[in-house]
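# Fold and geometry: a report
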Amino acid sequence: MLVAFSVAPTGAGDDDSVSEAVAAAVKVVRESGLPHETTAMFTTVEGEWDEVMDVVKRATEAVSATARRTSLVLKADIRPGHTGQLAEKVRRVEEHLGDERS
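Heads up: these notes are all about the structure in this document. (Residues numbered from 1 in each chain as written. Predicted model: local features only at pLDDT ≥ 70, side-chain atom pairs only at ≥ 80, totals over all residues. Heavy atoms only, no water.)

All right, on to the sheet that holds strand β3 (residues 43–46) then. On the basis of which strands lie adjacent, the open sheet formed by four strands has the order β2-β3-β1-β4 and antiparallel pairing. The two strands at the open ends of the sheet, each matched to only one other strand, are β2 (36–38) and β4 (69–77). Pairwise comparison of adjacent strand axes, ignoring direction, gives a mean angle of 15° for this sheet. The strands that helix α2 (residues 49–64) touches are β1 (2–10), β3 and β4; relative to β1, the one it contacts most, it runs at about 10°. (Pairing = 2+ DSSP bridges. Helix = DSSP H or I, 4+ residues; strand = E, 2+ residues; numbered from the N terminus. Axes fitted to C-alpha atoms, helices over the stretch in contact; angles between N-to-C directions. Contact = heavy atoms within 4.5 Å.)

Written as structure tokens, this is what we have:
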């Protein structure tokens, strides 16, 4: 399964930056050893249900440790029997776009 999630502190005060708290969450993801990708808005993790949800929970706890309130947005693509989809889904789209790049 693929899970794209965004976790951030809310009500943190005058500082609009959440990068330090988000970095704590990304560290949890990186240390998990699961395939992942971090972009400007989401981190996507690939693995089995229990291991991915455990990473999301621990990343959320890492952010919650520094904030009174935490926001979590999660989107999942549950497709049993498929692995390597973090790159494969993008490759299939790029394949369709291949003719348009001339």
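Take the pattern of salt bridges next. Across all of its chains, the model carries six salt bridges by this definition. For E95, the salt bridge identified is with R91, shortest N-O distance 2.8 Å. Note that E95 and R91 are positioned in helix α3 (residues 85–97) at a spacing of four residues, about one turn of the helix. Of the residues examined, E95 reaches a relative accessible area of 52% and is grouped as exposed. (Salt bridge = Lys/Arg side-chain N within 4 Å of Asp/Glu carboxyl O. Buried < 20%, exposed > 50% of the residue type's maximum accessible area, 1.4 Å probe, protein only.)

What follows concerns α2. End to end, α2 covers 22 Å across 16 residues, agreeing with the expected 22 Å (1.5 Å per residue, within 8%). Those residues of α2 that fall on the buried side of the exposure criterion are V52, V55, V56, A59, T60 and V63. One side of α2 carries all its buried residues, which in axial view fall inside an arc of 130°. Every exposed residue of α2 that faces more than 90 degrees away from the buried side is listed here: D50 and K57. (Expected span 1.5 Å × (residues − 1). Arc of directions from axis to C-beta.)

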